[in-house]
There are 2 protein chains.
Amino acid sequence: MSEEEIDFLEGLQNNTVEVQAGVDFVVEGDDRKTTFILIDGWASRYTTLSDGRRQILSFALPGDILGLHINFNAQAHYSATAMNTLKLAVVDPRRILEINQKFPILASGLSWCTAREFAILGDQAVRLGRLPAKARLAHLFLELWHRLELIRENNGKWLALPMKQSDLADTLGLSLVHTNRCIGDLRKSGLITVAKDHIKLEDLDALIRLSDFDPERLAEFSI
Amino acid sequence: MSEEEIDFLEGLQNNTVEVQAGVDFVVEGDDRKTTFILIDGWASRYTTLSDGRRQILSFALPGDILGLHINFNAQAHYSATAMNTLKLAVVDPRRILEINQKFPILASGLSWCTAREFAILGDQAVRLGRLPAKARLAHLFLELWHRLELIRENNGKWLALPMKQSDLADTLGLSLVHTNRCIGDLRKSGLITVAKDHIKLEDLDALIRLSDFDPERLAEFSI
DNA sequence: TACCGGATATAACATATGTTAATCGGAATT
DNA sequence: AATTCCGATTAACATATGTTATATCCGGTA
């Protein structure tokens, strides 16, 4: 990267804002068009059904970009909420277009981010469509664990999990009760240990076998 | 659009190829990096689990772009197959980067395509995660029907459906038998009529209510 | 310390969906 | 016309998951 590119990238992150846990900083139907870079904390992207039920589509971890592909003619088609205290860089999406025009290196970085988001959302569809409940949990844990590893926020076999079981349920398309049952099963069979806001993945290989997780798919997106 | 832009767009479609039904023209793990514009026919994007089961992620209809976000460092993370005879324009993805640099109007069109693909894949996740089987079917039918309408390939209440029930099952995360049961139920309750490779949506409002489908979400992507 | 409220856990039961197997139908082929 | 094959259909049964209700745990707060 040239100095100019580095300067531009840093300039994007000038305007930061803090968001408290539980606050929706993007709301489905919003006209406001903003791109966010997640500097610190975890966020979730979700949609709401007409009867109030939720489906969480994906989690955003530090370094992830939210709202990369603003459609200027449309409203936000999902909501985003802070799972813990966030630090967000607020970016005018027009600057994203500017990147594509002026900074080819950065542009290919954006393209990389998009490909990655697609892969993650595709994996989510596979979890929801083809895995039984326990495997869905294991698969999600492995995905988050590997993503944290890629941004060097991992901590051995421990996985930070700043979310309630009801959030896991809304992610995995399960009921709260069944989510709880399955976590208990995983615990009883020694595959995970549960602590407050954290779990420990005791046997990665067994979890991988159980969930048909493919570590290679995310590894392609290492830096 | 300027003449130059129109010329460039047409130039992209110079190199076309025909693909027979059932042929995989992108295979998961491939190193080959190509972008396709679907000129004619239907395609499906899918991944395969280690035990051979499939999850179809999305359908591509005429006008859709496949492989817009090639990650030059990675392999294809899904496969794509022709549902009927296809006509594909084969595009070097470097020309996509070129669009972003030189043709801002076209670039915003690409961004629009990406936002649309995200919305469609997000809707697929909602179907899989939060809708019961019959509603999943209705929701998918409505999505395809609306998408066909947007490209003026609709035909009244009739919906072309160039796929087997096992393809629907692999799309909706259901077993073949249950898919068949639910189609029968929809038929018996008069919501749809089934014919060879087509169904007729007899009562759009009832289908919308059944599946919590939101016509607005796709309408945002009308042309 | 006692209380409160949210989150987690467990149980009993209801329902949706999966599995296996058998049958049926129609289009292509002999 | 008979055969074959593939997809659609149906039935009987097994299993996973949802629902409702209640109990327990735990951190915050009066």
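Let me begin by describing the structure that accompanies this report. (Residues numbered from 1 in each chain as written. Chains lettered and ligands numbered in written order. Predicted model: local features only at pLDDT ≥ 70, side-chain atom pairs only at ≥ 80, totals over all residues. Heavy atoms only, no water.)

Residues and elements named next belong to chain A. If you trace the four strands from one edge of the open sheet to the other, you get β2-β7-β4-β5, paired in antiparallel fashion. Two strands bound the open sheet, and with one partner strand each, they are β2 (24-26) and β5 (54-60). Mean inter-strand twist for the sheet, computed between neighbouring axes without regard to direction, equals 35 degrees. Pairing of β2 with strand β7 (residues 79-82), which is carried by two bridges, proceeds in the antiparallel orientation. Considered in β7, the bridge of D24 is made with T81. (Pairing = 2+ DSSP bridges. Helix = DSSP H or I, 4+ residues; strand = E, 2+ residues; numbered from the N terminus. Axes fitted to C-alpha atoms, helices over the stretch in contact; angles between N-to-C directions.)

Taken together, the contact pairs 40 residues of chain A with 40 residues of chain B. Here chain A meets chain B over a buried area of about 3900 Å², counting both sides, of which 57% is carbon and sulfur. The tally of links from chain A across to chain B stands at four salt bridges. We note a salt bridge from D170 of chain A to R130 of chain B, for which the minimum N-O separation is 2.7 Å. Here chain A is connected to chain B by 16 residue pairs in polar contact (both at pLDDT 80 or more). Broken down by secondary-structure element, the contributors of at least two residues to the side of chain A that touches chain B are β5, α2 (93-102), α3 (104-130) and α5 (165-172) of chain A. With 15 residues, the top contributor of residues to the side of chain A that touches chain B is α3 of chain A. (Contact = heavy atoms within 4.5 Å. Buried area = accessible area lost by both parts, 1.4 Å probe. Salt bridge = Lys/Arg side-chain N within 4 Å of Asp/Glu carboxyl O. Polar contact = N/O pair within 3.5 Å; in protein donor to acceptor, adjacent residues only side chain to side chain.)

Further remarks concern the relation of the copies chain A and chain B. Relating the two copies of this chain is a rotation about some axis coupled with a shift parallel to it. Superposition record for chain A on chain B: RMSD 0.0 Å, screw rotation 180 degrees, translation along axis 0.0 Å. What we have between these two chains is a two-fold relation. Judged by C-alpha distance, Q101 of chain A is the residue of chain A that lies nearest the rotation axis, at 2.0 Å. A shared binding surface is used by both copies, with 100% of the interface residues of chain A retained as interface residues in chain B. (Least-squares fit on C-alpha atoms with pLDDT ≥ 70 in both.)

Next up on the list: the protein's contact with DNA strand D. Close contacts around DNA strand D come from 14 residues, with A133, S175 and R181 of chain A together with Q165 and N180 of chain B the closest. Near the protein, within 4 Å, the atoms of DNA strand D are sugar or phosphate in 62% of cases. The side chain of R181 of chain A places a nitrogen or oxygen atom 2.8 Å from a base nitrogen of DNA strand D. N180 of chain B is positioned with one of its side-chain polar atoms (N or O) 2.9 Å from a phosphate oxygen of DNA strand D. Contributing elements (two or more residues each) for the surface near DNA strand D: α6 (176-188) of chain A together with α6 (176-188) of chain B. The leading source of residues in the surface near DNA strand D is α6 of chain B, at four residues. (Near = heavy atom within 4 Å.)

What follows concerns the sheet that holds strand β3 (residues 35-40) of chain B. Residue and element names in this part refer to chain B. Pairing in this open sheet of four strands is antiparallel, and the strands run β1-β8-β3-β6 from one edge to the other. With one partner strand each, in any of the chains shown, β1 (16-19) and β6 (65-66) form the two edges of the open sheet. Across five bridges, β3 lies against strand β8 (residues 86-91) in antiparallel orientation. Bridge assignment links L38 to a residue of β8, and that residue is L88.

As enumerated under the stated definition, the model contains 29 salt bridges over all chains in all. Measuring nitrogen to oxygen at the nearest pair gives 3.1 Å for the salt bridge that ties R147 of chain A to E143 of chain A. Here the residue R147 of chain A and the residue E143 of chain A both occupy positions in helix α4 (residues 133-150), the gap between them amounting to four residues, near one helical turn. For R147 of chain A, a relative accessible area of 2% corresponds to the buried category. We classify E143 of chain A as buried; its relative accessible area is 3%. For R127 of chain B, the salt bridge is made with E143 of chain B, and the minimal N-O distance between the two is 3.0 Å. In this pair, R127 of chain B is assigned in helix α3 (residues 104-130) and E143 of chain B in helix α4 (residues 133-150), connecting sequence segments 16 residues apart. By relative accessible area, which is 2% here, R127 of chain B ends up buried. (Buried < 20%, exposed > 50% of the residue type's maximum accessible area, 1.4 Å probe, protein only.)

Turning next to a negative patch on the surface. Taken together, the side chains of E3, E4, D7 and E10 of chain A define an acidic patch exposed on the protein surface. Structurally, the position occupied by E4 of chain A is in helix α1 (residues 3-12). (Patch = residues over 30% accessible without salt bridge, like charges linked within 9 Å, V, L, I, M, F, W, Y side chains within 5 Å. Areas by Shrake-Rupley, 256 points an atom, 1.4 Å probe, with all protein chains shown as cover. Lys, Arg positive; Asp, Glu negative; His and termini not counted. Charge placed at Lys NZ, Arg CZ, Asp CG, Glu CD.)

Around DNA strand C sit 15 residues in total, of which Q165 and N180 of chain A together with A133, S175 and R181 of chain B are the nearest. Counting only the atoms of DNA strand C within 4 Å of the protein, the fraction contributed by sugar and phosphate is 65%. Taking Q165 of chain A, its side chain carries an N or O atom lying 2.7 Å from a phosphate oxygen of DNA strand C. Between DNA strand C and the protein, one listed contact pairs a phosphate oxygen with a side-chain N or O atom of H178 of chain B at 3.3 Å. Sort the elements by how many residues they give to the surface near DNA strand C and α6 of chain A lands first, with five residues. For the surface near DNA strand C, the per-class residue count stands at five nonpolar, five polar and five charged. (Nonpolar A, V, L, I, M, F, W, Y, C, P; charged D, E, K, R; others polar.)

Looking at the element boundaries, L174 of chain B is found in the loop between α5 (165-172) and α6. Given a relative accessible area of 10%, L174 of chain B falls into the buried group. In the structure, L174 of chain B is positioned 123 residues away from D51 of chain B in sequence and 16 Å away in space, judged by C-alpha atoms. Excluding residues within four positions of it along the chain, L174 of chain B makes contact with R130 of chain A together with A133, R136, A169 and T179 of chain B.

Let us now look at the packing of α3 of chain A against α4 of chain A. Residues and elements named next belong to chain A. The geometry of α3 relative to α4 is characterised by a closest axis approach of 9 Å and an angle of 160 degrees between their N-to-C directions. Here α4 runs roughly antiparallel to α3, going by the angle between their axes. Crossing of α3 against α4: the hand is right-handed. In contact with R116, I120, D123, R127 and L128 of α3, α4 contributes R136, H139, L140, E143 and R147. (Parallel < 35°, antiparallel > 145°, perpendicular 65-115°, else oblique. Left-handed = near helix turned anticlockwise from the far one by under 90°.)

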